[in-house]
Amino acid sequence: MPEPSARMGRRTVLAASAATLAAPWVARAQSNPIKIGIQSIFSGPIALLGVSSRGAIQPEVDRINAAGGLLGRQIQPIYRDSKGKPQEAARVARELVNTDGCEILLDAEASSGAFAVQEVVRDLGVLCVHSNSETSSLTADPKLRVATAFRCARQGVHDAIVGGAHSAKVADAKKLVKWATCSPDYAFGRDTTAQFLDFLKHFRPDTQVTTQAWPKLGQPDFTEVITKIIQAKPQALYSALYAGDLSAFINQGNVYALFGAMETFIPAMGDLPVLTTVKSLPPGIQSANRYLPTFPDTKENRAWYEAYRKANNNDYPTNWSWENATAVRFIEAAVKKAGSTDGKKASAALAGLTIDSPFSNSGKVTMRAEDHTLIDYAIGWGTTIPKPPFVTGIEPADWGQITELETEWKKKSGYL
Amino acid sequence: MDLDALIGCVTSASCVVTQTTSGLIVGMLLFLVAAGLTLIFGVLKIVNFAHGTFYMLGAYLAYTVFAVTGSYVLGVLGGGLGMAVFGVIFERFLISRVYGANVLMQLLICYAVVLICDDLVKIVWGPDFYAMGMPPAFQVPPLFIAGGVVPPFYLVLISAALVIGGALGLGLGLTRMGKIIRAAAVNPDMVSALGINTTLLYSLVFAVGGMLAGLAGGLAAPVRSLTPGMGFSVLIESFIVTVIGGMGSIAGALIAAVVLGLIRSFGTIGFPLFTDGLMYIAMIIILVVKPSGLFGKEIV
């Protein structure tokens, strides 16, 4: 009978042999990264969308990789430019999965592209997180919803509810009845404006809309739009313009002293690239937060803001930045929970998941299970001042009210 | 369609003043860009699809010069002169290679320059949008004339565009060089046979055309957003202006630009959902009634 030490030796040898035989497989698994396909708009007039999304995604990926990766595998992001064309977005999404071998899609497209990608995801069955599309129907409409697709972005209807409630409060105080609107002439601008007015009228049924202007997206000159608003003599103005168009509108409106003549409500004003670019920011504009380092006013949010700027040549983060940072964190948490990148398993893990977040007043955000959309993120309205922090007195929205009115809106829209 | 609003506007002095000023400012800036486009076409028969890029680069240059010097005038001049130099380089190294070639070749070269320049702007200035901001001298409240709102800065812009346009018209009409340019537009071979350096002449035309676009970009920079690709929308409207005014006609470009500005300005009140459509309808009517444009028979 062999000595115990000899038996141990043989077992050790066997184990070592097995390990040696298995080594290439283990090494291959570890060297086989999890490829995440990330598509966005990296060229053209709204390249800032893609650039500021990537600026938030990459540090999150680097953090995960530095900590050993996900399920023991490094994450390899593969970025692709859809140039803002829906058909290109669909083609790129398919290529990322079928050709590049991506196991997960992080779709950082604008809404037009996101709807196209949604149909590709329906076909491919991979886990997909839309990180920039705010158009409510993407996840609210059950006919459009996809089992493995989620929205990790603010939602138009949420902004409309909060905007409507806040604006009605200001209208009550200042007795504002006559309203004008000025929003970009495409689906987002029209839907957002209609939703805002719906909720404003819900809270203030005496609201009258005296004129509506619909400038084209990227229109260089807003002069005729501004003078048209002046002619209508409204008491209040709502605008869904954003980014460069909003900056031009503000600068051109200043020339006509537009913002001193009426109370102005611009949800997209509270985004740092706009606030820091507009040289003569009019005081007193009512604005929602898009991304602000002071809302929520926490050290976690401030730390993320500083880290973003350090990682991105001192550029400012945008609304798209926090949405994409959150999307990566949700993907990380879901894959860890599921122990797999499989579309069905990861989706089951992601639905209803709550994670810690610096972008929430409660410190946590949730991916709502029933409609696969983000809730509990920081949302509120304040007033602009022409110097940092640019937007002050921000009142956080009541998520209980948002959920209640959103449900009513879904019923009215035939989504429930 | 809101005809009541339109009638209400044209019968109200304040509305007429406000909307007319608004139309003039839109039109005059458009004229500066379109004048360069039509000048280049008139002389060289080149449809410069890269002309919007000249406008964009002019605006970015003006922004940079303004940021460094704090002088709006230097910024505008920087944008104009920079684009004059760029126009010469563009003509000498690229477009001159396809003189007389298929228009498709010219289109491809121009389009390549547009894409390259858009990317270069992103590399140099970044993908963010920029705003020059209103120069301190113009940060004044608007004037009220007959109840209408008239921003002083826009009066300056309209005046500047008129001066530039006038200088261009006088230069082409009265100076020797202007006469040579007009002659070259009619019969370049004859001009060349007379011993005039047409190569230099063509470069000069591109320099002037580029300068006009650059000046327009610089003049508009305080109130418009600077983004990569911003030249495209201006290019489309400039083409409409040159088609309506007559390809190659500076006077036609001026009239057409002002008409388009007024169509936009009053159209947005009476036809708020069809303002762009009105511009195209005007273009179609002109093309049907007078295919050469309002002043199409004039060479320059």
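One numbering rule holds for all chains: residues counted from 1, following each sequence as written. All chains are assigned letters beginning at A, and all ligands numbers beginning at 1, according to the order in which they are written. pLDDT decides what is reported in this predicted model: residues at 70 or higher carry local features, side-chain atom pairs at 80 or more are listed and counted, and totals for whole chains, interfaces and linings draw on all residues regardless. To obtain the side-chain values, all non-hydrogen atoms of the structure were used and water was disregarded.

**With respect to empty space enclosed by the protein**
A cavity here means a set of 1 Å grid points, computed over protein atoms only, where a 1.4 Å probe fits but cannot escape. A pocket is an open set with protein on both sides within 12 Å along at least 5 of 7 lines, and lining residues have an atom within 4 Å of a point. Grid points are joined across faces, edges and corners, and a volume is the space filled by probe spheres set on the points. Counted according to the given criterion, the structure contains three cavities of 30 Å³ or more. For the lining of the largest cavity, the class distribution of residues is seven nonpolar, one polar and five charged. Looking at the second largest cavity, its volume works out to about 80 Å³. Every residue lining the second largest cavity is listed: Leu-48, Tyr-242, Ala-243, Ala-268, Asp-271, Pro-273, Val-274, Arg-290, Thr-318 and Trp-320 of chain A together with Phe-129 of chain B. Residue type decides the class: Asp, Glu, Lys and Arg count as charged, Ala, Val, Leu, Ile, Met, Phe, Trp, Tyr, Cys and Pro as nonpolar, and the leftover types, Gly among them, as polar. Each residue belonging to the lining of the second largest cavity can be placed in one class, and the counts come to eight nonpolar, one polar and two charged. An automatic or database domain assignment supplies the residue ranges for each domain. Per-domain counts for the lining of the second largest cavity show at least three residues from each of domain 1 (31–155 + 298–375) and domain 2 (157–294 + 379–412) of chain A.

**Examining the pairing of strand E3 (residues 104–108) of chain A**
Consecutive side chains along a regular strand alternate between the two faces of the sheet. Residues and elements named next belong to chain A. With a 1.4 Å probe rolled over the protein chains alone, any residue whose accessible area is under 20% of its type maximum counts as buried; one over 50% counts as exposed, and the rest are partly exposed. A helix here means a DSSP run of H or I that spans at least four residues, while a strand means a run of E at least two residues long, and both kinds are numbered starting from the N terminus. Within E3, five of the five residues are buried, which leaves the element mostly enclosed by the surrounding structure. Every second residue of E3 is oriented toward a common face, with Ile-104, Leu-106 and Ala-108 on one face and Leu-105 and Asp-107 on the other, all of them buried. The parallel pair E3 and strand E4 (residues 127–130), bridged by helix H4 (residues 111–124), forms a crossover whose chirality is right-handed. Throughout, right-handed denotes a crossover for which the path from the first strand over the helix to the second runs clockwise when the strands point away from the viewer.

**A short note on the packing of aromatic side chains**
Between 30 and 60 degrees the pair is tilted, below 30 it is stacked and above 60 it is edge-to-face, where a pair is any two Phe, Tyr or Trp rings, Trp via its six-membered ring, whose centres lie within 6.5 Å. Scanning the model with the defined rule gives 31 aromatic pairs over all chains in all. Seen from their ring centres, Tyr-72 of chain B and Phe-153 of chain B are 5.9 Å apart, and the 55° between their planes marks the pair as tilted. Taken together, the residues span a long stretch of sequence, with Tyr-72 of chain B in helix H4 (residues 72–93) and Phe-153 of chain B in helix H6 (residues 152–174) at a distance of 81 residues. Judged by relative accessible area, which is 9%, Tyr-72 of chain B ranks as buried. Residue classification places Phe-153 of chain B among the buried residues on the basis of a relative accessible area of 2%. An aromatic cluster of at least three residues, connected via ring pairs, comprises Tyr-291, Trp-304, Tyr-308, Trp-322, Phe-359, Tyr-377 and Trp-399 of chain A. Counted as over-ring charges are cases with an Arg CZ or a Lys NZ within 6 Å of the ring centre that also lie within 35 degrees of the ring normal. Of note, Arg-54 of chain A hangs over the ring of Tyr-79 of chain A, and the distance from its end group to the ring centre comes to 5.8 Å. Between Arg-190 of chain A and the ring centre of Trp-214 of chain A, over which it is positioned, the NZ or CZ distance is 4.1 Å.

**Points about the UniProt feature "transmembrane region" (unreviewed entry) in chain B**
All names here are of chain B. Mapped onto this structure's residue numbering, the UniProt feature "transmembrane region" (unreviewed entry) falls at residues 25–47, 59–86, 98–117, 153–174, 194–219, 239–263 and 270–289. Secondary structure within residues 59–86 divides into 93% helix and 0% strand; the distance between the first and last C-alpha atoms comes to 13 Å. Helix makes up 85% of residues 194–219 and strand 0%, whereas the separation of the span's terminal C-alpha atoms amounts to 39 Å. UniProt positions are given in the numbering used here, feature names are shortened, and annotations may be inferred rather than shown by experiment.

**Let's talk about the state of the cysteines**
All names here are of chain B. The criterion for a disulfide is a pair of cysteine sulfur atoms lying within 2.5 Å. If you walk through the whole model with that rule in mind, you get one disulfide over all chains. One disulfide in the model links Cys-9 with Cys-15; its S-S distance is 1.9 Å. Given an S-S torsion of about -90°, the disulfide between Cys-9 and Cys-15 has left-handed geometry. With respect to class, Cys-9 is no different from Cys-15; both count as buried. Left without a disulfide partner, Cys-110 is nearest to the cysteine sulfur of Cys-117, which lies 11 Å away.

**Topic: unusual backbone geometry**
Residue and element names in this part refer to chain A. The step from Phe-295 to Pro-296 runs through a cis peptide bond, and the omega angle for that step is 0°. With respect to the element layout, Pro-296 can be found in the loop between strand E11 (286–291) and helix H12 (299–311). Across the junction of Pro-388 and Pro-389, the peptide omega takes the value 10°, indicating a cis bond. Residue placement: Pro-389 occurs in the loop between strand E15 (380–384) and strand E16 (391–396). The phi dihedral of Lys-83 is positive, around 60°, even though this residue is not glycine. With respect to the element layout, Lys-83 can be found in the loop between strand E2 (75–81) and helix H3 (86–98). By relative accessible area, which is 44% here, Lys-83 ends up partly exposed. One non-glycine residue, Asp-376, lies in the positive phi region at around 75°. For Asp-376, the location among the structural elements is in the loop between strand E14 (373–375) and E15. Residue Asp-376 is classed as partly exposed on the basis of its relative accessible area of 25%.

**Some remarks on the domain arrangement of chain A**
Residues and elements named next belong to chain A. Assigned domains of chain A: these are domain 1 (31–155 + 298–375) and domain 2 (157–294 + 379–412). Computed from C-alpha coordinates alone, the two centres of domain 1 and domain 2 are separated by 27 Å. Residues are treated as being in contact if the distance between any of their heavy atoms lies within 4.5 Å. Residue-level contacts link 23 residues of domain 1 with 22 residues of domain 2. Where domain 1 abuts domain 2, roughly 2000 Å² becomes buried across the two surfaces, and 53% of that area is made up of carbon and sulfur atoms. Taken as a group, Arg-154, Gln-155 and Tyr-316 account for 26% of the area that domain 1 buries against domain 2, more than any other trio of residues on that side. The rule for a salt bridge is simple: a side-chain nitrogen of Lys or Arg has to be within 4 Å of a carboxyl oxygen of Asp or Glu. Seen at the junction of domain 1 and domain 2, the total is four salt bridges. Glu-134 is the salt-bridge partner of Arg-290, the closest N and O atoms lying 2.9 Å from each other. Elements that contribute at least two residues to the side of domain 1 that touches domain 2 include exactly H12, helix H13 (319–338) and E14. Sort the elements by how many residues they give to the side of domain 1 that touches domain 2 and H12 lands first, with four residues. Using a 1.4 Å probe, buried area is obtained as the accessible area two parts lose upon being combined, added over both of them.

**Structural notes on helix H11 (residues 250–270) of chain B**
A helix is expected to span 1.5 Å multiplied by its residue count minus one. Spanning 21 residues, H11 of chain B covers 30 Å between terminal C-alpha atoms, matching the ideal 30 Å at 1.5 Å per step. We define a polar contact as two N or O atoms separated by no more than 3.5 Å, with the added condition that, inside protein, one atom must be a possible hydrogen donor and the other a possible acceptor, whereas residues neighbouring each other in sequence contribute only through side-chain atom pairs. The opening residue of H11 of chain B, the one whose side-chain oxygen lies 2.8 Å from the backbone nitrogen of Gly-252 of chain B, is Ser-249 of chain B.

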